[in-house]
Amino acid sequence: MKKISLSETDTLQFAKEFSNTLKGDEIIALWGTLGMGKTVFARGIIQSLLGKKEEVPSPTFTLLQTYNTPKGEVFHFDFYRLKSPDEAYEIGIEDAFESGICLIEWPEKIGSLLPKNTINVYFEMTSKGRQISIGEKK
Ligand SMILES: Nc1ncnc2c1ncn2[C@@H]1O[C@H](COP(=O)(O)OP(=O)(O)O)[C@@H](O)[C@H]1O
Ligand SMILES: [Mg+2]
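Quick look at the structure, then. Residue numbers here run from 1 along each chain, matching the order of that chain's written sequence. Chains carry letters from A onward and ligands carry numbers from 1 onward, assigned in written order. Selection of residues for local features in this predicted model requires a pLDDT of at least 70, selection of side-chain atom pairs for listing and counting requires 80 or more, and totals for whole chains, interfaces and linings are taken over all residues. The basis for every side-chain value is the complete set of non-hydrogen atoms in the structure, without hydrogens or water.

1. Overview of the packing of aromatic side chains
- Two rings belonging to Phe, Tyr or Trp (six-membered ring only in the last case) form a pair when the distance between their centres is within 6.5 Å. Interplanar angles under 30 degrees mark stacking, angles over 60 mark edge-to-face geometry, and anything in between is tilted. Counted by the stated rule, this structure contains six aromatic pairs.
- Between F14 and F41, the ring centres sit 6.3 Å apart and the planes meet at 50°, which makes this aromatic pair tilted. Of the two residues, F14 is situated in helix α1 (residues 8-19) and F41 in helix α2 (residues 38-50); the sequence distance between them amounts to 27 residues. Pair check on accessibility: F14 and F41 agree, each one buried.
- Put simply, the rings of F14, F18, F41 and F123 pair up and form one aromatic cluster. Helix numbers and strand numbers start at the N terminus; a helix is a DSSP run of H or I with at least 4 residues, a strand a run of E with at least 2. Burial here depends on accessible area, computed with a 1.4 Å probe over protein chains only, as a share of the maximum for the residue type. Under 20% is buried, over 50% is exposed, and the range in between is partly exposed.

Following this line, the structure appears as structure tokens:
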């Protein structure tokens, strides 16, 4: 799946379409630089799964926000401020991997901890606008 997103609304809509493909046990790594729309995309998935416009704050400072949805628990991580991969263990990343849908911003911070079956989503700026590609390496 690939999309050129020209607005926050485009990204929310694409996230909603993607959320319809989720079963409840996926690990999703959101790759891209600051301000590219990773949190907006995660918000779209979570709001779509919840079926309502609940507030979905960025986990920049808390590192983790969790939600109970009809497809199970959703773990929204933001590892921008992570000091070491050990800290990810401390906040329970291994349990999260086994317990529901994981949305991970700044996955590069946990390097080799990412499981092999991780779904990679890439956010990048192109001449046509922001491009979101799911499951394809650049
Ligand atoms: N096409 C787009 N998709 C998502 N966000 C966009 C888009 N165009 C502009 N924006 C703005 O860019 C910002 C993206 O912020 P955010 O999702 O927090 O980024 P990140 O989590 O990748 O650092 C928001 O303020 C949003 O309104
Ligand atoms: Mg973010």
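Structure shown, so let's carry the discussion forward.
2. Some details on the site of ligand 1
- Lining the immediate environment of ligand 1, one finds 15 residues, of which E8, T11, G35, K38 and T39 sit closest.
- Counting of polar contacts relies on pairs of N or O atoms within 3.5 Å, with two restrictions inside protein: one atom must be capable of donating a hydrogen and the other of accepting it, and residues adjacent in sequence are counted only when both atoms are side-chain atoms. With respect to ligand 1, the backbone of G35 contributes an N or O atom lying 2.7 Å from an oxygen atom.
- Every accessible area reported is derived by Shrake-Rupley at a probe size of 1.4 Å, with residue values counting cover from the shown protein chains alone. In the complex, the protein chains occlude 71% of the 570 Å² of accessible area that ligand 1 would expose alone.
- Of all the secondary structure elements, the ones that give two or more residues to the shell around ligand 1 are α1 and α2.
- The dominant element in the shell around ligand 1, judged by the number of residues it contributes, is α2, at three residues.
- Each residue belonging to the shell around ligand 1 can be placed in one class, and the counts come to four nonpolar, seven polar and four charged. Nearness is judged by heavy atoms alone; a residue qualifies as near a molecule or strand once a single heavy atom is within 4 Å of it. In this classification, the charged set is Asp, Glu, Lys and Arg, the nonpolar set is Ala, Val, Leu, Ile, Met, Phe, Trp, Tyr, Cys and Pro, and all remaining amino acids, among them Gly, are polar.

By themselves, these are just geometric observations and shouldn't be taken as functional.
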